[in-house]
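Here are the chains, one letter per residue:
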Amino acid sequence: MKQSALEAQKIQALETYKNAKKRYLETMSKSDWIAFCEAKRNCMLLGVRI
């Protein structure tokens, strides 16, 4: 079964969120915090459960 474009976006958003969270927890820098918040926002907008 072929994935829809939305499903592919959801998978990508979740992977980006996980990577951003991991990076932020390692560094605790302001720029990583902003990237983490943006990734979380994208997940929420796409309806991805975190």
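Note: the structure precedes this text.
Residues numbered from 1 in each chain as written. Predicted model: local features only at pLDDT ≥ 70, side-chain atom pairs only at ≥ 80, totals over all residues. Heavy atoms only, no water.

Our next topic: the pattern of salt bridges. Throughout the structure, instances matching the rule amount to 1 salt bridge. A salt bridge links Asp 32 to Arg 23, with the nearest nitrogen and oxygen atoms 3.7 Å apart. When its relative accessible area of 40% is taken as the criterion, Arg 23 is described as partly exposed. (Salt bridge = Lys/Arg side-chain N within 4 Å of Asp/Glu carboxyl O. Buried < 20%, exposed > 50% of the residue type's maximum accessible area, 1.4 Å probe, protein only.)

Before going further, it helps to spend a moment on helix H1 (residues 5–27). End to end, H1 covers 33 Å across 23 residues, agreeing with the expected 33 Å (1.5 Å per residue, within 8%). The complete set of buried residues in H1 reads Ala 13, Tyr 17, Ala 20 and Tyr 24. Close packing links the buried residues of H1 with helix H2 (30–46). Two residues or fewer after H1 comes Met 28, characterised by a positive phi angle close to 55°. (Helix = DSSP H or I, 4+ residues; strand = E, 2+ residues; numbered from the N terminus. Expected span 1.5 Å × (residues − 1). Contact = heavy atoms within 4.5 Å.)

This paragraph deals with H2. With 17 residues, H2 ought to run about 24 Å at 1.5 Å a step, and its terminal C-alpha atoms sit 25 Å apart, in line with that. Of the residues making up H2, those classed as buried are Asp 32, Phe 36, Ala 39 and Cys 43. On an axial view of H2, the arc spanned by its buried residues comes to 65°, and they lie on one face. Opposite the buried face of H2, by more than 90 degrees, sit the exposed residues Lys 30, Ser 31, Arg 41, Met 44 and Leu 45. Buried residues in H2 make contact with H1. Of the residues flanking the end of H2, it is Gly 47, one or two places downstream, whose phi is positive at about 80°. (Arc of directions from axis to C-beta.)

The quantities given are spatial measurements derived from coordinates; they are silent on function.
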